[in-house]
Amino acid sequence: MLFDDGGKSMLELAGITKTFGRHKALSDVSLRVFPGEIHGIVGLNGSGKSTLLNIMSGSPVIQNTGGYEGQICIKGRPHRLGSPIDSLNAGIGMIHQELSLMDMMTIAENIKLGREHVFPMGRKLLGRSFARINPGKNKADAQKAFGRIGLTVNPDQRVLDLSASMKRFVEVAREIDKEALCVLLLDEPTASLNHLDSKRLMALLRDIAEKGMAVVFVSHRIDEVMMICQGITVLQGGSVRARFDAPMFDARKISHAMVGGHVIKVQRTHAPHHVRPILNLRNFSATAPGGCVGPVDLDVMDGEILGVTGLSGHGKSALASGIMGMHPWSGTVMFEGKKIDDLQPDHMVSKGLTLLPGNRRDSMLHDHSVMDNIVFTAVQSKKRFVRGFFAGKIGLSDKKKSRTYAGECVSQYHIHCRSIHQKAGELSGGNQQKVCLARALASRPRILFVNEPTRGIDVNAREVILALLLQVNEQKNTTIMITSGEMDELKRICHRIAVFYQGNCVGIFSPETDDQTFDRAFSGDVQGRE
Amino acid sequence: MSKKVTLHIPVPQVCISLFLLLLFCVALRIDIPVSWLISDALIRLVMNGVLVLALVPMLKTGIGLNFGLPVGILAGLVGLCVAVNFRMTGLAGLFYAMVISIPIAALFGMIYAFILNRVKGREEITATFVGFSFVPLMNFFWAVAPFSNPSMLWPIGGQGMRPAIGLKRYFAKSLNSLGSFSLAGVTIPLGMILFFLALCFAVHLFFKTRLGQAMMATGENERFALISGIKIRNMRTIAIVMSTVIAALGICVYAQSYGFIELYDAPMMMAFPAVSAILVGGSLKEKTTLTHVILGTFLFQTIYSVSGPVANDLLIPEVAEIFRLMITNGVILAALLYEGGRHKKI
């Protein structure tokens, strides 16, 4: 017992300090979470949230870099969490930002992985490792776990076929199926979910907490944290900056504590000035791994910012990658009034269409410098920053021009890096996203497709990125199509918002449309045109 | 702004170098002429180095280790045979063989690329069997090829190629002796080393071009390359053709140094020493550099050439070979295990 509270707290941290080499990631962090409490941890990228969760979940990264200092108590008993097994035995469960499920396995197999029921005779004869698994009992357990979270599923269904939100619920079910579980840690669980799925998940977390569990909820979405948490700890630079208790929440005060100043929210001020369509889709369909889209008719106007939204798995993200020719497609695509017969990524890029994928792993060369990343697409598609030989067929990169341009981007886009020669993979998420955006813009696109531009990014960097998109749209007249589940952001910067349901565009709405109409559009029961 | 300086010590390479140093010390002690060992090491570096260099384009483009190196080697052998058939001699003969082998290698490379592009993700094992099946196919060609120089053909019957064709009367050692000089008893094959370095520099320069950067990006992050407008299939094809062409040049250099053209099943296993050498050099797939090529070839080939005479002198010949292979392969395996262990996830 670290705090004098009569041994009531479920999780207690005292004086947690962690250093990576000379860098102090956490400094004297203390925290208490009571049974039935959902406690929020918020902070900018690099404030130490993930390190704190890694310590509590016994991540090998912590152990391999010298362990941690300080004490951790669960139910009043001290624990040294040196491995994930220690964490599991102490009753801690963890749900990571990225889904960690076996896609080819069934729901029941995923939930019981490593803790399967086996037939007793086999266990006696051959030991637990070689005994035959009892699938009936495992399925029953899976159903029981889902019953506890108020859902009914077919435990034989493969995880591959589930939607993103359902996969998240499988992870929650897997954790609460662990008998000893008393503390549940969640790292940005709603980052990959849209707001309706997020609401479902949060209702579920409330239920879990009411049954006596302690929940630690890490998120960049302050509104969500305020909605479900009873206490909020704000981390800044590895230290506890402020604490807030349930009735005293104030979004401005929380973001002020996170950033150390006020965040000015970006808002589009210019009225739409589009007059003619730049991209026409007729009867267009595309099949991507995350969902299918179409057949859809859609006109994208020259110089507008078009928001594309919908529930996960309803095809919104397949639209942009389909137009870029990255997935099987059918229908008609017209760009600047001319029909494009063959959608191939290289053709589309050379025509001036650029895609910024939601997954930053796909849109960067992590081992290359910030400069190399920024100029790459422009070098390849537009032959910018190249000194050409043999009529430009073979060109060497023009280092001087590249350096100058990358330097300009770093200062203009507020990219925080040691120098333009620092590896892009070493930057924080927000700065990586700025590099990706700078790369996409260096090729001077006519249309920029942006998928989930602010996913997993802190409140400060998020506004910088939205401001950049607005600036590019207004100053360079670049048409932008943003695919996102963040309605608040879409409403602030888009001229029009298209809502997709089961692969079809159910309506195109003005950003001023009320939330209820959007909610109904998400469930497909409203048709709307601006 | 301060820049953090980190010193990365390549432990496996240091271990092998220390073992090599030990071998040299023993050689000195038992009066094996070290100058002769060094001369041999230099020649073996270039002789095998070009074949090791041939692995680089495919590695950097993310296709993996080119276990189908025999495809390029066979193209080079055709070029060599054509040069011998026309009784070309000296450096001109070697040059002629190289020029002939380039288009043949390019053609073979295209076919090879067609196959590898159909089996994305399983390239290495497929490449191994492409190599294995290409050798017997060419065996048929060697048996019926319409060459007319009697020194290449079976003496009885006068038809079909001999398994080994001597190059002494044509262009054996022509590159070895180009500009070579002696320094403190060590023969330095200057022309040969310069040729190798020039080839390395050309490959290095190629990967600095727009095309080279596109290939490199394909290897590092294929999805990124795709959204940047790069034609992935073309990049892979170019890498495979390049690899095959360099392998053809490699066998020309190898054969003139060895003094023989070896046909039929000889190229079957030639990919393995090259692959071992680049791994010993510390290559990590897409992050392969020319240092890995040069250092790896030097360490791998020198350890083999030095350990032979030393073991023969120290032990009875029957045991010597067993011990030699045990220790040298053991050291290489230990180095590779260390490299693998350093990069394991958990």
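Residues numbered from 1 in each chain as written. Chains lettered and ligands numbered in written order. Predicted model: local features only at pLDDT ≥ 70, side-chain atom pairs only at ≥ 80, totals over all residues. Heavy atoms only, no water.

Observations concerning the interface of chain B and chain A
(1) Moving on: Contacts between chain B and chain A engage 22 residues on the former and 33 residues on the latter.
(2) Moving on: Each partner contributes to the roughly 2,500 Å² buried at the junction of chain B and chain A, and carbon and sulfur atoms together form 61% of this total.
(3) Moving on: Contact with chain A buries surface across chain B, with B:Arg210, B:Phe224 and B:Ile227 losing the most and accounting together for 33% of the total.
(4) Moving on: On inspection of chain B and its partner chain A, the count reaches two salt bridges.
(5) Moving on: Residue A:Asp367 is joined to B:Lys287 by a salt bridge in which the shortest nitrogen-to-oxygen separation is 3.1 Å.
(6) Moving on: Summed over the shared surface of chain B and chain A, the result is seven residue pairs in polar contact (both at pLDDT 80 or more).
(7) Moving on: Residue assignment for the side of chain B that touches chain A shows that the elements contributing at least two residues are helix H8 (210-220) and helix H9 (222-227) of chain B.
(8) Moving on: No other element matches H8(B), which puts six residues into the side of chain B that touches chain A. (Contact = heavy atoms within 4.5 Å. Buried area = accessible area lost by both parts, 1.4 Å probe. Salt bridge = Lys/Arg side-chain N within 4 Å of Asp/Glu carboxyl O. Polar contact = N/O pair within 3.5 Å; in protein donor to acceptor, adjacent residues only side chain to side chain. Helix = DSSP H or I, 4+ residues; strand = E, 2+ residues; numbered from the N terminus.)

Concerning the sheet that holds strand E2 (residues 23-33) of chain A
Consider a sheet: its strands pair through backbone hydrogen bonds, and that pairing is either parallel or antiparallel.
All names here are of chain A.
(1) Moving on: If you walk across this open sheet you meet the four strands as E2-E1-E4-E5, and the pairing is antiparallel. If you trace the sheet from one side to the other, it starts and ends with E2 and strand E5 (77-79), each paired once. Each strand of the sheet is rotated relative to its neighbour by a mean of 25 degrees, with strand direction disregarded.
(2) Moving on: Pairing geometry for strand E4 (residues 69-74) and E5, over three bridges, is antiparallel. Looking at the pairing, Ile 72 lines up with His 79 of E5.
(3) Moving on: Each of strand E1 (11-20), E2 and E4 is contacted by helix H1 (residues 49-56), which is oriented at about 115 degrees to E1, the strand it contacts most. (Pairing = 2+ DSSP bridges. Axes fitted to C-alpha atoms, helices over the stretch in contact; angles between N-to-C directions.)

Thoughts on the confidence of the model for chain B
Residue and element names in this part refer to chain B.
(1) Moving on: In the predicted model, chain B carries a mean pLDDT of 87, and the fraction of residues at 70 or more is 94%.
(2) Moving on: Under a pLDDT of 50 for its full length, residues 1-6 has, in the predicted model, four contacts with residues more than four places off or in other chains.
(3) Moving on: Predicted complex metrics record ipTM = 0.78 and pTM = 0.78. (pLDDT = per-residue confidence, 0-100.)

Structural notes on the pairing of strand E14 (residues 329-335) of chain A
Residues and elements named next belong to chain A.
(1) Moving on: Taken together, the six bridges between strand E11 (residues 277-288) and E14 define a ladder with antiparallel strand orientation. Residue Ser 285 lies in a different strand from E14, and its bridge partner there is Ser 330.
(2) Moving on: Of the strand pairs in this sheet, E14 and strand E15 (residues 338-340) are connected by three bridges, and their pairing is antiparallel. Of the residues in E15, the one forming a bridge with Val 333 is Ile 340.
(3) Moving on: Hairpin geometry of E14 and E15 is characterised by an intervening segment of two residues between the two adjacent antiparallel strands and by a positive phi of about 50 degrees at Glu 336.

What to know about unusual backbone geometry
(1) Moving on: If you check the backbone angles, A:Asp28 has positive phi at about 50 degrees while not being a glycine.
(2) Moving on: Following the sequence through the fold, A:Asp28 ends up in strand E2.
(3) Moving on: Taking the relative accessible area as the measure of exposure, A:Asp28 reaches 52% and is therefore exposed.
(4) Moving on: With phi around 55 degrees, B:Tyr264 is a residue other than glycine that occupies positive phi space. (Buried < 20%, exposed > 50% of the residue type's maximum accessible area, 1.4 Å probe, protein only.)

What about the pattern of salt bridges?
Residue and element names in this part refer to chain A.
(1) Moving on: Scanning all chains against the criterion turns up 21 salt bridges over all chains.
(2) Moving on: Close ionic contact of Glu 175 with Lys 178 constitutes a salt bridge, the shortest N to O distance being 2.9 Å.
(3) Moving on: Of the residues examined, Lys 178 reaches a relative accessible area of 17% and is grouped as buried.
(4) Moving on: Where Lys 339 meets Asp 341, a salt bridge forms, and the shortest distance between an N and an O atom there is 3.9 Å. Grouping residues by exposure puts Lys 339 and Asp 341 together as exposed.
(5) Moving on: One salt-bridge network, held together by shared partners, links Lys 112, Arg 115, Asp 141 and Asp 177.

Points about the packing of helix H2 (residues 34-53) of chain B against helix H10 (residues 232-258) of chain B
Residue and element names in this part refer to chain B.
(1) Moving on: Closest axis-to-axis distance for the H2/H10 pair is 7 Å, and the angle between their directions is 160 degrees. Here H2 lies roughly antiparallel to H10, going by the angle between them. Helix-helix and strand crossings are classified by hand; for H2 and H10 the assignment is left-handed. For the pair H2 and H10, the contacting residues are Ile 43, Val 46, Met 47, Asn 48, Val 50, Leu 51 and Leu 53 in the first and Ile 246, Ala 247, Leu 249, Gly 250, Ile 251, Val 253, Tyr 254, Ser 257 and Tyr 258 in the second. (Parallel < 35°, antiparallel > 145°, perpendicular 65-115°, else oblique. Left-handed = near helix turned anticlockwise from the far one by under 90°.)

Some details on the pairing of strand E13 (residues 305-310) of chain A
Residues and elements named next belong to chain A.
(1) Moving on: Burial runs high along E13: six of the six residues are buried.
(2) Moving on: On E13, burial covers both faces: Ile 305, Gly 307 and Thr 309 on one face and Leu 306, Val 308 and Gly 310 on the other are all buried.
(3) Moving on: Across four bridges, E13 lies against strand E20 (residues 479-483) in parallel orientation. Bridging from a neighbouring strand, Val 308 pairs with Thr 483 of E20.
(4) Moving on: In the sheet, E13 pairs with strand E21 (residues 496-501) via five bridges, with the strands oriented parallel. The residue of E21 that forms the bridge with Leu 306 is Arg 496.

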